[in-house]
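Topology and contacts: notes
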Amino acid sequence: MSENKQLKYEKKTVYEKAGAKIVASAYEYAKDYVKFLDAAKTEREAVTECVRMAEAAGYRPYQFGDPLKAGDKLYYNNRGKNIFLFRIGSESINNGIRITAAHIDSPRLDLKQVPIYEESGMCFFKTHYYGGIRKYQWLATPLALHGVVVKQDGSVINLTVGENESDPVMYITDLLPHLAAKEAGKTVREAFQAEKLNILIGSRPLDGEEKDSIKMGVLSYLYETYGITEEDFLSAELSLVPAARARDVGFDRSMICGYGHDDRVCAYPSITAIIDADESVHTTMCLLVDKEETGSDGVTGMQSSLITDIITEIAKALGGNEATVRANSKCLSSDVSATYDPNFSDVYEQRNSCLIGCGVSMCKFTGSGGKGGTSDASAELVAWVRRCLNEAGVVWQTCELGKVDAGGGGTVAKYMANHNIDTIDMGVGVLSMHAPYEVISKVDLYEAYRAFRAFYNFE
Ligand code: MN
Ligand code: MN
C-alpha cells in the first residue's frame, strides 16, 4: 500500500510534510518580513532597505571595472530603484552564476505631472495608475504619499506622508449607496474610471486669497513644509499607496495581509537567502528590479542591458568568457503566483493551481493563451530544480496562473531567458493579487527562502 502511494503525485502542506520546527521558524522569519514590507512600499524604499541589509552583511558598493576575487560580496545600486547583490564563489566563473530575480515595484497610483486642482471647495491630486489595478479597491480607504521631488538644481526631497499616526492621510471619495441606483447597473469598467481616481488633499481656503484659495492653501503648506512649488511636481515621482501596515491574518496567525506582497514576498526571501548562503562555491546573484508591473522596460527594468553589462564585467574581471558564463548560469525568476481561491473557483483549474500552505510554487511557464509570451522552462531544468528542492527537503508545488484562456500574466523570466540563461519561475502564492492588501501564507514565504538557499548552494 505504501509503495503504491508513491506512484501517485500528491501535493501536501508544509504543516504535514515539514513539521512543527519548520512552521515555528516560518512564523519567526515572517516577523522581519513584515517590518520589511512596512519599510519598503516603493521600489526606492526597497532599494534603501536592501542596501542597509547588504551592508550589514558585509556587501560593499561595486563599480564597473573593479577587480574581483573569490569571497567578494558586492552590490550595485542602479539609480536607487534597482539593485544587484553578488558574491564571488570559489569555483570557476565559467561554471555560471546562480541568480534569483524578483521585482520591487508594485501596483499603485502615481501623481500626474500637473496634479493639483481645486473644484467645489475641495483640492485634489490627479493620478495615473501604475500596473494592473481593480480601480474600485482604491476608493474610500486611507492612502499615503511616498516618493521624491527633484528640484531643478538636482536636490532631492523625500516625501512620506500618511505613515505615522500623527500624519494626515489622503483619500479617494466613493459614491454613497443611496444615490448609486444607476451606477449599480454599470459594468465595473464603466463605473470606475481612471480619471475619477482623484485624491482629496484639502478643503480650507487660504486667508486673503480670492481665486483658487484652497489650492493656494495647499501650495503654501507644501512650500512652507518642504520648500516645493507647483512647478516642482513636473520633476517628481510621487505615488499613493495604502496607508495601513502589514498585519497577521487569521486566528492561527498563519497568513499576512499587506501592501505589495507582489513581489516583496519573493524579493525578501531572495535577498535574505543570498546573504545567508555565504558557504556556496558558486558565484551567486540576487537581482531586484523595477518596472515589472508595467512591462519591465526602461533603465531600471529587467529589459535593461544592465544585467548583461554586469555579467560581462564579472566574467572579464575573473578571466572567464561572458557567453560561457551566461550559458552555464541558472536563474529563478522569483515572482508570485495566484493562490487558488474557492470564492472564485471558476477561473482556476484546481489540480494545476497554487494551493495555500503547500509551499513555494514553481511555474514552468507564464504568459497567456497558447503559451504566448513565455520562455517555458525546459524539462531538463525542471528536473534539476526537482532534485535540488527534494534533496533539501523543501516543500514545493507546481502551478499555472489559472484556467487556460481565463487571462494571463508574465514575469521577468522571459527577459532573463532571452540572454541564454536557463530560467524558471519560483515564488509565493498570493490571494487578492494586486489589491491594496494582498494575503500570503507564512509557511509558503519560508519555503521560498529555503528554496532559494538550496538553489544557491546546490551542485
Ligand atoms: Mn509580480
Ligand atoms: Mn504583479
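Residues numbered from 1 in each chain as written. Chains lettered and ligands numbered in written order. Predicted model: local features only at pLDDT ≥ 70, side-chain atom pairs only at ≥ 80, totals over all residues. Heavy atoms only, no water.

So, about the overall build of the protein. The number of helices and strands found in the protein is 12 helices and 22 strands. Here the C-alpha radius of gyration of the protein, 23 Å, is about what a compact globule of 459 residues would show, namely 23 Å. By principal-axis analysis of the C-alpha atoms, the protein measures approximately 80 × 55 × 40 Å. Residue burial in the protein is summarised as follows: out of 459 residues, 51% are buried. Put simply, of all contacts in the protein between residues at least 6 apart along the chain, 76% involve residues at least 24 apart. Of the roughly 21100 Å² of accessible surface on the protein, 50% is carried by carbon and sulfur atoms. In the protein, 49 positive and 63 negative side-chain charges are present, and the distance between their average locations comes to 4 Å. (Helix = DSSP H or I, 4+ residues; strand = E, 2+ residues; numbered from the N terminus. Rg over C-alpha atoms; globule rule 2.2 N^0.38 Å. Buried < 20%, exposed > 50% of the residue type's maximum accessible area, 1.4 Å probe, protein only. Contact = heavy atoms within 4.5 Å. Areas by Shrake-Rupley, 256 points an atom, 1.4 Å probe, with all protein chains shown as cover. Lys, Arg positive; Asp, Glu negative; His and termini not counted. Charge placed at Lys NZ, Arg CZ, Asp CG, Glu CD.)

One open sheet holds the three strands; their spatial order is 11-12-22, and the pairing between them is antiparallel. The open sheet has two edge strands with one neighbour each: strand 11 (247–249) and strand 22 (438–441). In this sheet, adjacent strand axes meet at a mean angle of 35° when their direction is disregarded. In terms of strand pairing, strand 12 (residues 255–258) meets strand 22 through four bridges, oriented antiparallel. Paired with C257 across the two strands is V439, which belongs to strand 22. Against the sheet, helix 7 (residues 261–276) contacts strand 12 and strand 22, and its axis sits at roughly 30° relative to strand 22. (Pairing = 2+ DSSP bridges. Axes fitted to C-alpha atoms, helices over the stretch in contact; angles between N-to-C directions.)

Here the focus is the coordination of the manganese ion (ligand 1). Only H103 (NE2), D262 (OD), D335 (OD) and D335 (OD) from the protein coordinate the manganese ion (ligand 1), and they sit 2.1 to 2.6 Å from it. One chain supplies every donor to the manganese ion (ligand 1), and in sequence these donors are spaced H-x158-D-x72-D. A separation of 3.3 Å is found between the manganese ion (ligand 1) and the manganese ion (ligand 2), which share D262 as a coordinating residue. Of this pair, H103 sits in strand 4 (residues 97–103) while D335 sits in the loop between strand 14 (330–333) and strand 15 (337–338), and the two are 232 residues apart along the sequence. Given the relative accessible area of 1%, H103 is considered buried. (Donors = N, O, S within 2.8 Å, 3.2 Å for Na, K, Ca; no water.)

To continue, consider the side chain of T127. Mapped onto the elements of the fold, T127 is located in strand 6 (residues 122–130). For T127, a relative accessible area of 4% puts it in the buried group. A distance of 2.6 Å separates a polar atom in the side chain of T127 from the backbone oxygen of L197. When residues no more than four places from it in sequence are discounted, the contact partners of T127 are L109, D110, L111, K112, L197, N198, I199 and L240. (Polar contact = N/O pair within 3.5 Å; in protein donor to acceptor, adjacent residues only side chain to side chain.)

Protein ligation of the manganese ion (ligand 2) involves D262 (OD), E293 (OE), E293 (OE) and H434 (NE2), the donor distances falling in the range 2.1 to 2.6 Å. One chain supplies every donor for the manganese ion (ligand 2), spaced along it as D-x30-E-x140-H.

We now examine the packing of helix 7 against helix 12 (residues 442–457). Relative to each other, helix 7 and helix 12 sit at 40°, their axes nearing to 8 Å. As summarised for this structure, helix 7 and helix 12 are arranged oblique, according to the angle between their axes. Where helix 7 crosses over helix 12, the two elements pack in a sense that is right-handed. Taken together, the residues of helix 12 that come into contact with helix 7 (itself represented by V265, C266, P269, S270, T272, A273, I274 and D276) are L445, A448, Y449, F452, R453 and Y456. Tallied by class, residues from the contact of helix 7 with helix 12 come to 10 nonpolar, two polar and two charged. (Parallel < 35°, antiparallel > 145°, perpendicular 65-115°, else oblique. Left-handed = near helix turned anticlockwise from the far one by under 90°. Nonpolar A, V, L, I, M, F, W, Y, C, P; charged D, E, K, R; others polar.)

Residues of strand 16 (residues 360–363) alternate between two faces, with V360 and M362 on one and S361 and C363 on the opposite face, all of them buried. Alignment of strand 16 against strand 18 (residues 396–398), held across three bridges, turns out to be parallel. Counted as the bridge partner of S361 is Q397 from strand 18. Taken together, the three bridges between strand 16 and strand 20 (residues 422–427) define a ladder with antiparallel strand orientation. Bridging from a neighbouring strand, S361 pairs with G427 of strand 20.

With that settled, the discussion passes to the nonpolar core. Judged by nonpolar contacts, the single largest core of 66 residues is most densely connected at L85, V265 and M426. Ranked by the residues each element gives to this core, the list is headed by helix 12, at 10 residues. If we skip the residues at most four places from it in the chain, L85 touches A54, Y59, L74, Y75, I271, I274, I275, T284, M285 and C286. Counting 31 residues, the second largest nonpolar core, distinct from the first, contains L145, I157, M170 and I228. (Core = buried A, V, L, I, M, F, W, Y, C linked by side-chain atoms within 4.5 Å.)

Between D262 and the following residue, D263, the backbone shows a cis peptide bond with an omega angle of 15°. Structurally, the position occupied by D263 is in helix 7. Phi is positive for K291, which is not a glycine, with a value near 65°. With respect to the helices, strands and loops of the structure, K291 is situated in the loop between strand 13 (283–289) and helix 8 (306–317).

Let us now look at the sheet that holds strand 16. One open sheet accounts for nine strands, arranged 1-2-3-13-4-14-20-16-18; its pairing is mixed. Looking at the sheet topology across the chains shown, the edges are occupied by strand 1 (60–61) and strand 18. Strands strand 2 (73–78), strand 3 (82–87), strand 4 and strand 13 of the sheet are contacted by helix 8, whose axis makes an angle of about 25° with strand 3.

According to the domain assignment, the protein contains domain 1 (2–105 + 259–457) and domain 2 (108–242). Taking only C-alpha atoms, the centre of domain 1 and the centre of domain 2 are 34 Å apart. Listed as interface residues are 16 residues of domain 1 and, on the opposing side, 13 residues of domain 2. Approximately 1400 Å² of surface area, both sides summed, lies buried where domain 1 meets domain 2, with 51% of it carried by carbon and sulfur atoms. The largest contributions to the domain 1 side of the interface with domain 2 come from K41, Y259 and P436, which together make up 34% of the buried area. Our count for the domain 1 to domain 2 interface comes out at four salt bridges. Between K81 and E237 there is a salt bridge, with its nearest N and O atoms 3.0 Å apart. Counting across the interface, domain 1 meets domain 2 through eight residue pairs in polar contact (both at pLDDT 80 or more). (Domains from an automatic or database assignment. Buried area = accessible area lost by both parts, 1.4 Å probe. Salt bridge = Lys/Arg side-chain N within 4 Å of Asp/Glu carboxyl O.)

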